[in-house]
Every structure is written in structure tokens, then in C-alpha cells.
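Chain by chain, the residues:
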Amino acid sequence: MSGFTTFVINPAAGRGRVGQMLRQLEATIRQHGRSSDIEIIVTQAPGHGIEVARSAPAGSRVIAVGGDGTVHEVVRGIAGSDKAIGVIPIGSGNDFARMVGLHRHDLGAALRTALHGGIHPIDLGLVNNQPYGASLGIGFDAAVARKALSAPTFLRGMPRYLYSIFGVLKDLQLPTLELIQNGQTVYQGPSLLVALMNASTYGGGIPIVPDAIPTDGLISAAVAGEFSRLGVVGILPRLILGRHVHHPRLHFFRGAEFTARFDRPVPAHSDGELIEPATEYRVHMVPGGLKVIRP
Ligand SMILES: Nc1ncnc2c1ncn2[C@@H]1O[C@H](COP(=O)(O)OP(=O)(O)OP(=O)(O)O)[C@@H](O)[C@H]1O
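Residues numbered from 1 in each chain as written. Predicted model: local features only at pLDDT ≥ 70, side-chain atom pairs only at ≥ 80, totals over all residues. Heavy atoms only, no water.

Draft legend 1. How the structure looks around the site of the ligand. Near the ligand lie 21 residues; those nearest to it are Gly-14, Thr-70, Glu-73, Ser-92 and Glu-273. Between the ligand and Thr-43, the relevant distance is 2.7 Å, taken from a nitrogen atom to a side-chain nitrogen or oxygen of the residue. Within the side chain of Glu-273, a nitrogen or oxygen atom sits 2.5 Å from an oxygen atom of the ligand. About the coverage of the ligand: the protein hides 77% of its 640 Å² of free accessible area. Broken down by class, the residue content of the shell around the ligand amounts to five nonpolar, 12 polar and four charged. (Near = heavy atom within 4 Å. Polar contact = N/O pair within 3.5 Å; in protein donor to acceptor, adjacent residues only side chain to side chain. Areas by Shrake-Rupley, 256 points an atom, 1.4 Å probe, with all protein chains shown as cover. Nonpolar A, V, L, I, M, F, W, Y, C, P; charged D, E, K, R; others polar.)

Dropping the structure here:
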């Protein structure tokens, strides 16, 4: 085993599945590693993973056991340090794990990688100076995620998602976006959504920018321009299948830094976690800024 490893286990991830697997997880981790070199922490509340990752020893491995939200907390906790992030992907979305080639691994394989896998740099995203690993989505998709928070509790899965989509569509009023790249305005006009990505997918495998590369030092950006309610209903299935790229109202850009400026505060999510709505998102990539453990 290589150095000290902290496992950050989120019992709420995978819709509570991780919580149900706690004993099994702890036993399997202890089977695979020497107990003096391992620490297992079960997070107590949202945000706890950031603190755990921050206080892990310098140069150590910090393994997010959960989904993209857990990964996001570990990324925030280790950004700017010499610690490396690993993932045991047991969330519902797992887009970060997909980005680094880990999402098809079973528990044993993921654990072996976490403990013994090589450490490779990938790019680190910063949005208004806050780190992210895989994705930043601004606009419609974040509004849907916000809406889902207030959906009736008896609605779960797809019905909850549909309720949220149609709830947002009912009051749809597109903000005006100015997207600026290196001081030049590259898009101006109404915008359904903007994605500023390190990964090619978000939302559990939606290939919003299919050719994004997490080691090219660049943000892969997609802007969905003006869409009517009916247009949104039409584009969503194409988006999910990756058949949106030739749509005339979809625009793609690539660059090391962008500023997305709106005429009003617009909701956003970073690695799938909702962040405070803002009128301006300043985004850039730190090339090789995040150490990742991968096979
Ligand atoms: N002890 C806890 N109790 C409740 N929520 C927690 C706890 N620890 C962490 N969280 C929060 O759980 C949320 C969901 O975690 P995560 O995203 O990892 O799982 P997921 O939603 O199943 O996966 P994905 O984002 O890949 O779909 C995160 O916002 C995280 O902050």
C-alpha cells in the first residue's frame, strides 16, 4: 500500500444505499489495507467531507465513497494540496468516476485502485474561486434540481424529475447571457443553459460536451440558446442521447477561462451540488491541478 489513506464514506449517497452497506464497506476496506495506514470516517452531515479531506495528512490519499456530491466535498477539501483523490463510486450519478474510468469497477477493484492505483494529474475547475472536479451547469438543469428539493415527498425517481421539469417549464423565462472568453464576447442572447465542463457528462451520464478531455487544460463549454417550452421538451431526449450537438441553437466553445454574465441571478450546480445563484460566474481551469488515483 502507498502511504496513508482516508476513506470518506457518505451514508446518504446512492439514495441511502451506502448507509445500508456501512458494515460491509468497513469490513472490506479493512481486509484490503493495513489498519495503521487507514482511517475510515462516516460523514455526519453535508459539508463534513470537506473538513475530513482538509485535515487528512499531507501527501495522503483521500477516497470518496459515495456519489458526485461526496467527490465534490473531497475535491474542495484537497484542492491546492498534494493529496490525491480516489473514488469508490456508489452514488446515483457517478460522473466524476466515469470521467476517470472508474465507474464500471466493482467494490473490490475500486478498493484495490484506491489503495494501490497510480496517481495522475487532471485539470481542476474553479468557479468564482470554488473548486470543482467534473461539471458546472448553470440555468435550466440547476433550476430543475432546485425544484426537485421542494417536490412532494411521495414523488420519487422519474415522477419527481418530471414534476420538477414541468414545474420549471411552466414559469420558464430565459435569462440573457453574455459569455466572455479572454475578454471577447462569444455568445450574447437568451440562454436555456450553459455547461462549463471538465468531464464530458453530467446528470448521471448525459453527454453534454461529448468530446471534453479532463487533461487538456481547457473548459469544454456548451450553450443552449433560445428555446420555447416545446423546444425544451424536444431537445431533452436528444441531449440525453448525445444527439444535440448539431442542433442550430446549441453552441460549443473551448478555452482556459470563461465568464458567464446574466441579467439576473441564475441557479447553478457544481458537480451536481446546488450552489448559490449568481449573476456572474467566473470560471477557469487549473491545468493538472487535481491529483487523481486511477487504474
Ligand atoms: N451524513 C450525511 N447525511 C446527509 N447528507 C449527507 C451526509 N454526508 C454527506 N451528505 C450529502 O449527501 C449528498 C448526496 O451525496 P452524493 O452526491 O455523494 O450521492 P448521490 O446523490 O447518490 O450521488 P450522485 O451525485 O452521483 O448522483 C451530498 O450533497 C452530501 O453533501
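Continuing now.
Draft legend 2. Representation of the packing of helix α8 (residues 157-170) against helix α9 (residues 229-240). Interhelical geometry of α8 versus α9 gives an angle of 150 degrees and a closest axis separation of 10 Å. Regarding the angle of α8 to α9, the classification is roughly antiparallel. The handedness of the crossing between α8 and α9 is right-handed. Judged by residue contacts, Ile-165, Phe-166, Leu-169 and Lys-170 of α8 engage Arg-229, Val-232, Val-233 and Leu-236 from α9. Its residues assigned to classes, the contact of α8 with α9 comprises six nonpolar, no polar and two charged. (Axes fitted to C-alpha atoms, helices over the stretch in contact; angles between N-to-C directions. Helix = DSSP H or I, 4+ residues; strand = E, 2+ residues; numbered from the N terminus. Parallel < 35°, antiparallel > 145°, perpendicular 65-115°, else oblique. Left-handed = near helix turned anticlockwise from the far one by under 90°. Contact = heavy atoms within 4.5 Å.)

Draft legend 3. Main features of the domain arrangement of the protein. Examined at the domain level, the protein breaks down into domain 1 (5-116) and domain 2 (136-287). Taken together, the contacts link seven residues of domain 1 with 11 residues of domain 2. Both sides of the domain 1 and domain 2 interface together cover about 750 Å² of buried area, and 59% of this is carbon and sulfur. By the criterion of area lost to domain 2, the three top residues of domain 1 are His-72, Asp-95 and Met-99, representing 63% of everything that side buries. One can count zero salt bridges joining domain 1 with domain 2. Linking domain 1 with domain 2 are five residue pairs in polar contact (both at pLDDT 80 or more). Counting only elements with at least two residues in the side of domain 1 that touches domain 2, the list comes to α4 (68-78) and α5 (95-99). Its residues assigned to classes, the side of domain 1 that touches domain 2 shows one nonpolar, three polar and three charged. (Domains from an automatic or database assignment. Buried area = accessible area lost by both parts, 1.4 Å probe. Salt bridge = Lys/Arg side-chain N within 4 Å of Asp/Glu carboxyl O.)

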